[in-house]
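Tertiary structure, described
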Amino acid sequence: MVLADTHDAGHRSEPDDPMVTGEQPVARPPDPALPPNPYRALVSPYLWRASAHLATDAVMGLAGFAVLVALGTAVCLVPAGLVGVPLVILAGWALHLLGAAERQRWAAICELDVPPQPRPTLSGPLLASAAALARSRSSRRLVAYFGVLAPWSLVTLLGIVLVWGAPLALVLLPTYYSQLPSGAASLGLITVGDLGTALLVSAVTLLLWATVAPLLVRGLLAADVLLARTLLALPRDVTLAQRVEYLTESRARVVDAAEAERRRIERDLHDGAQQRLVAMAMTLGRARSRLKDSGQDAVLELVDEARASAQEAITELRNLTRGLHPPVLTDRGLDAALSAVAARVPIPVDVDVEVSPRPSTTVEGIAYFVVTEALTNVAKHAQAKKAWVRIRRSGDRLAVTIGDDGVGGAEASPGGGLAGLADRVSGVDGRLRVTSPPGGPTLIEVDMQCA
């Protein structure tokens, strides 16, 4: 038997109370807004809706009490035979269905969105399903909620009767006091036997009711909201865990999208502007060949200048595309791409890469960018005689180490290049550490999530 709940469609099952993931967590909605001024609250439609909600607490409390009695009876029948196990599952299903109905009641009457809790999956063997129900944190919280709501609903019902029933009877006293058997109404120390006294009691009651009723309703509703927030909604730790997981996933999507955009720009530059410049350089070369023996030296000089400018633009575009995402990285991986980078550094660089299997293109791109930027800094500032790059994959982690024997003193200051590298690495749950004492050596160590 599978626990199904039409009110909670879209939520994942909870075999052992895992976090609900894959969709954006719902931020905690504001509490019901009843104006603090009692006279303004009196004309607010929300006062009447809140009163209706408090009055129907008794219905849900009675239903919850019945389900809890059925669940307790079923649990007591388990040792007597297997007949109690399916009854436990049925009662558990009814409990979660009632919890969904209670959330719908909050939404329909008070416009308060109470985020649903994860639901256990009641499928497979009966004993396993009953055990899943017993282990479920949401089931235990629902038992506690309806266990408290059952007696509390009597308080809210009595409060609503006192707030609306008793004052209404006194306000209407002038219309029926003379019809009472004694011809008068006894109100403790006051006996209402004439119309003037009845009107005075009615007026005083109306004034007190207008002042006190909204305050009482607000107090009862605040207690009701607290109960729902505490036991009916998701616990705070699960909500925060969902939020953290959602933010982690969304951050990974943003990083992937940024890397995909860099690769798209690299392809557009390589296949578009760069190819046009190459074609233009070739055309200028053919033009130069035809003008070589024409005697037009001035025109030939202009063609040579245009051709040289085109070659410079091609070189700059190639360097730019390498910085974005070099094709060799996609085709042959980090080892080949970083070997090409090391060959362009003016000092010897030892590259040692052992990455199997290859990480995602996003992680490869970030590792390539980190090493490229680090080696550029070494060439510009370190005054080093040699440098080295070591990359290893261990499980789902990628370790990148860049070192040099330069003067040291490097630090990840805010706004600096190393701080930018640290920010980029953090996008894939990575950490960057710089060790660079004065006099060297300098080590940049990066540890990243590899998946």
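Below or above, wherever it landed, is the structure these notes cover. (Residues numbered from 1 in each chain as written. Predicted model: local features only at pLDDT ≥ 70, side-chain atom pairs only at ≥ 80, totals over all residues. Heavy atoms only, no water.)

**Quick look at the packing of aromatic side chains**
Taken as a whole and assessed by the stated rule, the structure comprises 3 aromatic pairs. Arranged with centres 4.7 Å apart and planes meeting at 35°, the rings of Trp-48 and Trp-164 form a pair that is tilted. Placement of the pair is Trp-48 in helix α2 (residues 45–77) and Trp-164 in helix α5 (residues 137–171), with a sequence separation of 116 residues. Geometrically, the ring pair formed by Trp-164 and Trp-209 is edge-to-face, given 5.2 Å between the ring centres and 65° between the ring planes. With a gap of 45 residues between them, Trp-164 in helix α5 and Trp-209 in helix α7 (residues 195–232) connect regions that are remote in the sequence. Three or more aromatic residues joined by ring pairs make a cluster, and in this case those are Trp-48, Trp-164 and Trp-209. (Phe/Tyr/Trp six-rings, centres within 6.5 Å; stacked < 30°, edge-to-face > 60°. Helix = DSSP H or I, 4+ residues; strand = E, 2+ residues; numbered from the N terminus.)

**Notes on the packing of α2 against α7**
Between α2 and α7, whose axes approach to 10 Å, the crossing angle comes to 55°. In terms of orientation, α2 and α7 fall into the oblique class. Like other packed secondary-structure pairs, α2 and α7 cross with a definite hand, here left-handed. Contact residues: α2 offers Tyr-46, Leu-47, Trp-48, Ala-50, Ser-51, His-53, Leu-54 and Asp-57, while α7 offers Trp-209, Pro-214, Val-217, Leu-220, Leu-221 and Asp-224. (Axes fitted to C-alpha atoms, helices over the stretch in contact; angles between N-to-C directions. Parallel < 35°, antiparallel > 145°, perpendicular 65-115°, else oblique. Left-handed = near helix turned anticlockwise from the far one by under 90°. Contact = heavy atoms within 4.5 Å.)

**Digging into the nonpolar core**
Core analysis: the largest hydrophobic core is formed by 38 residues, its most contacted members being Trp-106, Tyr-145 and Phe-146. Listing elements by their share of this core, those giving two or more residues are α2, α3 (84–110), α5 and α7. In terms of residues, this core owes the most to one element, α7, which gives 11 residues. In contact with Tyr-145, other than residues within four places in its own chain, are Glu-102, Trp-106, Leu-227, Ala-228, Leu-231 and Leu-232. Within the second largest apolar cluster, 37 residues are counted, among which are Leu-338, Val-370, Val-371 and Val-425. (Core = buried A, V, L, I, M, F, W, Y, C linked by side-chain atoms within 4.5 Å. Buried < 20%, exposed > 50% of the residue type's maximum accessible area, 1.4 Å probe, protein only.)

**What about the pattern of salt bridges?**
Counted under the stated rule, the structure contains 8 salt bridges. A salt bridge links Arg-49 to Glu-111; the nearest nitrogen and oxygen atoms lie 3.1 Å apart. Separated by 62 residues along the polypeptide, Arg-49 in helix α2 and Glu-111 in the loop between α3 and α4 (126–135) bring together distant segments of the chain. Judged by its relative accessible area of 59%, Glu-111 is exposed. A salt bridge links Glu-102 to Arg-105, with the nearest nitrogen and oxygen atoms 2.8 Å apart. Here the residue Glu-102 and the residue Arg-105 both occupy positions in helix α3, the gap between them amounting to 3 residues, near one helical turn. This pair shows no difference in class: Glu-102 is buried, exactly as Arg-105 is. Salt bridges sharing common partners tie together Asp-57, Glu-102 and Arg-105. (Salt bridge = Lys/Arg side-chain N within 4 Å of Asp/Glu carboxyl O.)

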